[in-house]
Amino acid sequence: MAMAGESSGKKIGDCDGKVAGNRQRKVGLIYDETMCKHDTPDGEDHPECPDRIRVIWEKLQLAGVSQRCVVLGSSKAEDKHLQLVHRKDHVNLVKSISTKQKDYRRNRIASQLNSIYLNGGSSEAAYLAAGSVVKLAEKVAEGELDCGFAIVRPPGHHAEADEAMGFCLFNNVAVAASFLLNERPDLGVKKILIVDWDVHHGNGTQKMFWKDPRVLFFSVHRHEYGGFYPAGDDGDYNMVGEGPGEGFNINVPWDQGRCGDADYLAAWDHILIPVAREFNPDVIFLSAGFDAAINDPLGGCCVTPYGYSVMLKKLMEFAQGKIVLALEGGYNLDSIAKSSLACVQVLLEDKQIQGPPEAYPFESTWRAIQAVRKRLCTYWPSLADELSWKLINQKTPTPIILISSSDSETEDDAQGLLDQMSKLSIENPQGTLLENHQVEPASTSWRADLAKVDVWYASFGSNMWKPRFLCYIQGGQVDGLKKVCVGSMDKSPPKETVWETFPHRLFFGRESSVGWGVGGVAFTNPLANLIDQTHMCLYRITLEQFNDVLSQENGLNVDSDSPVFDLAALQLVDNKGSILEAPLNSWYGNVVCLGKERDIPILTMTCTLSAVEKFKSGEIPIRPPAKAYANTLIRGLVEGGRLSKEEAEAYIDKAVSKPL
Ligand code: X5A
Ligand code: ZN
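Residues numbered from 1 in each chain as written. Chains lettered and ligands numbered in written order. Predicted model: local features only at pLDDT ≥ 70, side-chain atom pairs only at ≥ 80, totals over all residues. Heavy atoms only, no water.

Draft legend 1. Local environment of the overall build of the protein chain. Broken down by element type, the protein chain carries 20 helices and 20 strands. Contacts in the protein chain between residues far apart in sequence, at least 24 positions, make up 76% of those at least 6 positions apart. A total of about 25200 Å² of accessible surface is found on the protein chain, and carbon and sulfur atoms cover 49% of it. (Helix = DSSP H or I, 4+ residues; strand = E, 2+ residues; numbered from the N terminus. Contact = heavy atoms within 4.5 Å. Areas by Shrake-Rupley, 256 points an atom, 1.4 Å probe, with all protein chains shown as cover.)

Below is the structure:
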């Protein structure tokens, strides 16, 4: 097989010793220009393009690292090895592609498949991609090499037993893992860890080892409740394997894009690494897609080369460093070249590269990690401990939204707050400045702009009773409420009302409130958990109205020059599914996005995470609600048709009596 750059690689055994007594690791590389022949039939642009592997190879050469590796020729997979994980029909189909004389025959096959193109070079490339990973894996398992990187395409992890999909024809990594286990028992590889950090779920690999306890499959991917490719439930954290393979499949599903180094490393530190320690693999395969890399056009995440290098370094502690990387996705040529280089430098045990300043994971990242740990802790006891509150509430300082205290007796005047707000800026968790809040002249168009956007306002307190909530829209006062509300500038009623439950803890606290007198008012813990349920009444209102509700909740003048919660803030919660926390000591200093309903964000307002801590410590009192207030909640739940009177009373009682 033709090989680019074979001559530039050193032969096994003639690497320089790096440190006396600590020999240089033998790192294998496989690259073959033949795999570039798989391309779109008419030369149309496609993200999975031949240049992907070219740029990686060129980068490794230019950086002088391929010269320090053992460069191997590619090799075609044998049908019998492919058939360890693929159906015979599928192997034959892929084989037949190049024998077709006409593009239209191939196009017809491709059109039946999901996200697949085919040309005359596809069969050979697919055989070489799979065969190269097999070859590299064999050499690593034999000990002839310490580790290596197969720079292959087409990618493999979406390919299922009988189906090509998602740019993948054969499942290269699965073929190689199965080869070691089934064809080379003499090598003593009994347990394999497959780590899939491609931004997409490795559905093919998951299915191939679903019932196989010899292979622990770990995939971290954008999932978005099943909306991200490959859509569906396969990538859910509940998918843990079956039969003897139960517990040997781990999915870490992100609810959103934008995850970066901090998020991935949190998944490493709190899931993958402890499990790897318990599993103690003999060999590790890495489905190394680089489409979670910063600037990837498909991934939307922002992992840096540094992030990849740290993730890989942490894996090198296992299986005596026997790790086989196989390229999967990754569609920004510059990003994949840099990320690949960073990884090969780790394989070579070069000095750790520099990283960007420290950032913290998103709230939704901790939610995913906690869900995974809970689901899998019976199989992997090291996941059983609760993560410390301190850890999961670390935050990059983000002064975002200032909301004054609701119903509170504090002296802060509204104008003072607005003045402060005007000095604040919105930052994303990576610390990049997104937008400055400006003080605008009194007559601004913010109302017109925000009136065009709908949100769901999710109420869990007295606003669940519609007549009480309507005071915030139409103005007025209802039974039990000790104050008159001015209402919104837009007095139109909610367009829709729906009920939902959310996995959050409802509780009551504070001594007394302006609206309801002596007794606590309702809060919901901004952090989701797996046990508690809060009933919420969702009103579909405009973002303009939401601002007016927010202002009234917080004693601010609705007639203000600027919105409290603007489009930039909405975009921020929308993108992150995260929590905006006010830096002030306010009662409802938090706008939390609970998700979406028919693509419209669901927003609620509650206390800050730090206030939750103070409630727990007793610094802020937990108090049962005033009678009139509790009755208003019960009325809301009953008249809204959510619960019976008895159920509603029991629900409130439970929230009152259960310790935080
Ligand atoms: C290997 C890989 C992505 C497929 C996306 C299809 N496939 N829309 O990254
Ligand atoms: Zn991918």
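Read on, since the account is not over.
Draft legend 2. Local environment of the coordination of the zinc ion (ligand 2). Looking at the zinc ion (ligand 2), one finds its protein donor set to be Asp198 (OD), Asp198 (OD), His200 (ND1) and Asp291 (OD), positioned 2.0 to 2.7 Å from the metal centre. In terms of primary sequence, the donors binding the zinc ion (ligand 2) are separated according to D-x1-H-x90-D. Note that His200 is positioned in the loop between strand E4 (192-196) and helix H7 (203-208) and Asp291 in the loop between strand E7 (283-288) and helix H9 (305-315), a separation of 91 residues in sequence. The exposure class of His200 is buried, given its relative accessible area of 7%. Exposure remark for Asp291: the relative accessible area of 0% places this residue in the buried category. (Donors = N, O, S within 2.8 Å, 3.2 Å for Na, K, Ca; no water. Buried < 20%, exposed > 50% of the residue type's maximum accessible area, 1.4 Å probe, protein only.)

Draft legend 3. Fine view of the pattern of salt bridges. Taken as a whole and assessed by the stated rule, the structure comprises 35 salt bridges. For Arg54, the salt bridge identified is with Glu33, shortest N-O distance 3.0 Å. Here Glu33 lies in the loop between strand E1 (27-30) and helix H1 (51-62) and Arg54 lies in helix H1, a separation of 21 residues in the sequence. By relative accessible area, Glu33 is classed as partly exposed at 35%. For Arg447, the salt bridge identified is with Glu544, shortest N-O distance 2.6 Å. Linking Arg447 in helix H14 (residues 446-451) with Glu544 in helix H16 (residues 543-553), this pair joins segments that are 97 residues apart in sequence. Glu544 shares its class with Arg447; the two are buried. When salt bridges with common partners are traced through the structure, they connect Asp454, Lys495, Glu496, Arg540, Glu597 and Arg598 into a single cluster. (Salt bridge = Lys/Arg side-chain N within 4 Å of Asp/Glu carboxyl O.)

Draft legend 4. Region of the structure containing the packing of aromatic side chains. Within the structure shown, the criterion is met by 23 aromatic pairs. For the pair Phe218 and Trp268, a centre-to-centre distance of 5.6 Å together with 90° between the ring planes defines the contact as edge-to-face. With a gap of 50 residues between them, Phe218 in strand E5 (residues 215-222) and Trp268 in helix H8 (residues 261-279) connect regions that are remote in the sequence. The pair formed by Phe218 and Trp268 is uniform in burial state, with each residue classed as buried. Arranged with centres 4.9 Å apart and planes meeting at 85°, the rings of Phe290 and Tyr308 form a pair that is edge-to-face. Of this pair, Phe290 sits in the loop between E7 and H9 while Tyr308 sits in helix H9, and the two are 18 residues apart along the sequence. Judged by relative accessible area, Phe290 falls into the buried class, the value being 0%. On the basis of relative accessibility, which here comes to 0%, the residue Tyr308 falls in the buried class. Among the aromatic side chains, those forming a connected cluster through ring pairs are Trp197, Phe218, Trp268, Phe290 and Tyr308. Lys191 extends its terminal NZ or CZ atom over the ring of Phe279, reaching a point 5.7 Å from the ring centre. Sitting over the face of the ring of Tyr472, Arg468 holds its NZ or CZ atom 4.3 Å from the ring centroid. (Phe/Tyr/Trp six-rings, centres within 6.5 Å; stacked < 30°, edge-to-face > 60°. Lys NZ or Arg CZ within 6 Å of the ring centre and 35° of its normal.)

Draft legend 5. Molecular detail of the environment of Ser339. Within the secondary structure, Ser339 sits in helix H10 (residues 333-347). Classification of Ser339 as buried rests on a relative accessible area of 1%. Separated by 46 residues in sequence, Ser339 and Ala293 have C-alpha atoms that sit 7.7 Å apart. Ignoring any residue separated from it by four or fewer positions in sequence, one finds Ser339 in contact with Phe290, Ala293, Pro305 and Tyr308.

Draft legend 6. Here's a closer look at the site of ligand 1. The environment of ligand 1 is formed by Ser115, Pro155, His157, His158, Gly166, Phe167, Asp198, His200, Tyr229, Asp291, Gly329 and Tyr331. Note that a nitrogen atom of ligand 1 is positioned 3.0 Å from one of the backbone N or O atoms of Gly166. Contact distances for ligand 1 include 2.9 Å between an oxygen atom and a side-chain N or O atom of Asp291. When isolated, ligand 1 has an accessible area of 310 Å², and the protein chains bury 88% of it. Taken together, the residues of the shell around ligand 1 break down into 4 nonpolar, 6 polar and 2 charged. (Near = heavy atom within 4 Å. Polar contact = N/O pair within 3.5 Å; in protein donor to acceptor, adjacent residues only side chain to side chain. Nonpolar A, V, L, I, M, F, W, Y, C, P; charged D, E, K, R; others polar.)

Draft legend 7. View of the nonpolar core. Core analysis: the biggest nonpolar cluster contains 131 residues, and Phe149, Trp197, Tyr264, Trp268, Phe285, Leu312 and Leu315 have the highest contact counts within it. The greatest single-element share of this core, amounting to 12 residues, is contributed by helix H5 (residues 122-142). Look past the residues within four positions of Phe149 in its chain and what remains in contact with it is Gly28, Leu29, Ile30, Ile56, Leu136, Phe290, Leu325, Ala326, Leu327, Ser340, Val344 and Leu347. (Core = buried A, V, L, I, M, F, W, Y, C linked by side-chain atoms within 4.5 Å.)

Draft legend 8. Representation of unusual backbone geometry. Here Arg153 and Pro154 are connected by a cis peptide whose omega angle stands at 0°. Despite not being glycine, Ser115 has its phi angle at roughly 55°, a positive value. Despite not being glycine, Ala319 shows a phi value in the positive range, around 50°. Among the secondary structure elements, Ala319 is positioned in the loop between H9 and strand E8 (323-327). Judged by relative accessible area, which is 8%, Ala319 ranks as buried.

Draft legend 9. Here's a closer look at helix H3 (residues 88-96). For H3, the full list of buried residues reads His90, Val91, Val94 and Ser96. Where the residues of H3 are buried, they touch helix H2 (79-82) and H5.

Draft legend 10. Up close: the pairing of strand E11 (residues 454-459). With 6 of 6 residues buried, E11 is to be regarded as a mostly interior element. A two-sided burial pattern is seen for E11, the buried positions comprising Asp454, Trp456 and Ala458 on one face and Val455, Tyr457 and Ser459 on the other. With 6 bridges connecting them, E11 and strand E17 (residues 534-542) associate as antiparallel partners. The partner of Asp454 across the bridge, within E17, is Thr542. In this sheet, strand E20 (residues 600-606) lies alongside E11 in parallel orientation, the contact comprising 2 bridges. Across the sheet, residue Trp456 finds its bridge partner in E20, namely Ile602. (Pairing = 2+ DSSP bridges.)

Draft legend 11. Quick peek at the sheet that holds E1. Spatially, the 8 strands line up as an open sheet ordered E2-E1-E3-E8-E7-E4-E5-E6, and their pairing is parallel. For this open sheet the edge positions go to strand E2 (70-72) and strand E6 (249-254), each flanked by a neighbour on one side alone. Shown here is a sheet whose adjacent strand axes are inclined to one another by a mean of 15°, direction ignored. With 4 bridges joining them, strand E3 (residues 147-150) and E8 adopt parallel strand pairing. (Axes fitted to C-alpha atoms, helices over the stretch in contact; angles between N-to-C directions.)

Draft legend 12. Spotlight on the packing of H8 against H9. Their axes nearest at 9 Å, the elements H8 and H9 cross at an angle of 10°. With respect to H9, the element H8 is oriented roughly parallel. Counted together, Asp261, Tyr264, Leu265, Trp268, Asp269, Leu272 and Ile273 of H8 and Tyr306, Gly307, Val310, Met311, Lys314 and Leu315 of H9 form the full contact between these two elements. (Parallel < 35°, antiparallel > 145°, perpendicular 65-115°, else oblique.)

Draft legend 13. Examining helix H4 (residues 103-111) more closely. Considered for burial, the residues of H4 that qualify are Arg106, Ile109 and Ala110. For H4, the arc enclosing every buried residue in end-on projection is 100°, short of the 170-degree limit, so these residues lie on one face. Looking at H4, the residues exposed on the side facing more than 90 degrees away from the buried face are Arg108 and Ser111. Buried residues along H4 sit in contact with H3. (Arc of directions from axis to C-beta.)

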